[in-house]
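Residue-level structural notes
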Amino acid sequence: MVRVQNEDFDVGAEIAELRRDNARIGALACFVGLVRDLNEDDSVSEMSLEHYPGMTEKALAEIVAQARLRWEIADALVIHRIGTLKPTDQIVLVATTSAHRHEAFASCEFIMDYLKTQAPFWKKEQTAQGARWVDARESDDTARQRWNA
Amino acid sequence: MITLLYFARLRESFGISSEQAAPPAEIADIGALLEWLRSRGDAWQNELAPGKPVRVAVNQAMATNATPFAEGDEIALFPPVTGG
């Protein structure tokens, strides 16, 4: 399941729902992305997240579908927030469930690496020097490309 | 007519988030469309200059310069994504 929302999310409640009543699940992996107060040596007081409604949901669903082709996962959940966020706020949740840990760990990391480079979200930071769009990182492309090896 | 959408830095530089456009009939792929938009000059020429990392989606699927488009398509231009 994929959700794009302004509201915060409760990791515990989301995970409980994801694995509820499914005794076939032996592993659950979860990643939570958070807003930091520092980027490229500048303090960040606030961040706004913009996205491309419609394409975002399609791109995330496609990434989850790709993960399902690679690993036997029982379920996957992606929640990404948009709007104005502050340091320590939660931005993104990726959780995957499977029978064994390897599939859960790997699919969770795969989804996150693809999300970083394929899903149409853009961050704008508010710093002491003014507002600026966050630049894409080459290290994120490298992280995604290793899955093609 | 096609629908053009602009996001993030491009939206701010162009001063619009969307427009209806009618490029000449011989402009049939993304490479030619970008060239046509560059001919508007100023921010268009700067932001869409060859070598600038602009991403394009046609009907919400990632495209390349060789991707064709047709009447009624939704074409989005944006910088490399930075979510997560």
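Above this text is the structure in question.
Just so we're clear, the structure is a prediction, and the values are computed from it rather than from any experiment. (Residues numbered from 1 in each chain as written. Chains lettered and ligands numbered in written order. Predicted model: local features only at pLDDT ≥ 70, side-chain atom pairs only at ≥ 80, totals over all residues.)

Residues and elements named next belong to chain A. Structurally, Leu 34 is set in strand S2 (residues 27–34). Along the backbone, Leu 34 and Asp 89 are 55 residues apart, and their C-alpha atoms lie at a distance of 5.6 Å. When near neighbours in sequence (up to four residues on either side) are disregarded, Leu 34 contacts Thr 88, Asp 89, Gln 90 and Ile 91. (Helix = DSSP H or I, 4+ residues; strand = E, 2+ residues; numbered from the N terminus. Contact = placed C-beta atoms within 7 Å.)

Each side of the interface is counted separately: chain A has 23 residues, and chain B has 13 residues. Breaking the side of chain A that touches chain B down by element, the ones donating at least two residues are strand S4 (42–51), helix H2 (55–70), strand S7 (90–98), helix H3 (101–118) and strand S8 (121–127) of chain A. Ranked by the residues each element gives to the side of chain A that touches chain B, the list is headed by H3(A), at 5 residues. Looking at the side of chain A that touches chain B residue by residue, the class counts come to 14 nonpolar, 5 polar and 4 charged. (Nonpolar A, V, L, I, M, F, W, Y, C, P; charged D, E, K, R; others polar.)

For the rest of this paragraph, the subject is unusual backbone geometry. With a phi angle near 70°, A:Asp41 is a residue other than glycine that sits in the positive phi range. For A:Asp41, the position within the fold is in the loop between strand S3 (38–39) and S4. Under the C-beta neighbour-count criterion, A:Asp41 is labelled exposed, with 6 such atoms within 10 Å. The backbone of B:Asn59 shows a phi angle near 50°, a positive value even though the residue is not glycine. Its place among the elements puts B:Asn59 in the loop between strand S3 (55–58) and strand S4 (61–63). (Buried ≥ 20, exposed ≤ 12 C-beta atoms within 10 Å, placed from the backbone.)

Moving on to the nonpolar core. Counting residues in each nonpolar core, the largest one holds 47 residues, and the members touching the most others are A:Ile63, A:Val78, A:Ile111, B:Phe7 and B:Ala76. Ignoring any residue separated from it by four or fewer positions in sequence, one finds A:Ile111 in contact with A:Ile63, A:Val64, A:Ala67, A:Ala76, A:Val78, A:Val94 and A:Thr96. (Core = buried A, V, L, I, M, F, W, Y, C linked by C-beta atoms within 7 Å.)

Our next topic: the packing of H3(A) against helix H4 (residues 138–145) of chain A. Residues and elements named next belong to chain A. Here H3 crosses H4 at 135°, and the two axes come no closer than 9 Å. Viewed along their axes, H3 and H4 adopt a mutual orientation that is oblique. For H3 against H4, the interelement crossing comes out left-handed. Along its contact with H3, which presents Asp 113, Tyr 114, Lys 116 and Thr 117, the element H4 presents Asp 140, Asp 141, Ala 143 and Arg 144. Across the contact of H3 with H4, the residue classes tally to 2 nonpolar, 1 polar and 5 charged. (Axes fitted to C-alpha atoms, helices over the stretch in contact; angles between N-to-C directions. Parallel < 35°, antiparallel > 145°, perpendicular 65-115°, else oblique. Left-handed = near helix turned anticlockwise from the far one by under 90°.)

Right, let's talk about the sheet that holds strand S1 (residues 2–5) of chain A for a bit. Strand pairing in a sheet takes place through backbone hydrogen bonds and is either antiparallel or parallel in direction. Residue and element names in this part refer to chain A. Spatially, 4 strands are ordered S1-S5-S7-S2 in an open sheet, and the strand pairing comes out mixed. On the outer flanks of this sheet lie S1 and S2, each paired with one strand and no other. Averaged over all pairs of adjacent strands, the angle between their axes in this sheet comes to 10°, without regard to strand direction. Alignment of strand S5 (residues 73–81) against S7, held across 7 bridges, turns out to be antiparallel. (Pairing = 2+ DSSP bridges.)

Residue and element names in this part refer to chain B. Strand order across the open sheet formed by 5 strands is S2-S1-S5-S3-S4, with mixed pairing between neighbours. The open sheet has two free edges, formed respectively by strand S2 (18–21) and S4, since each of these has just one partner strand. Across the sheet, the axes of successive neighbouring strands diverge by a mean angle of 30°, strand direction being ignored. Bridge analysis of S3 against strand S5 (residues 74–78) gives 4 bridges, and the strand direction is antiparallel.

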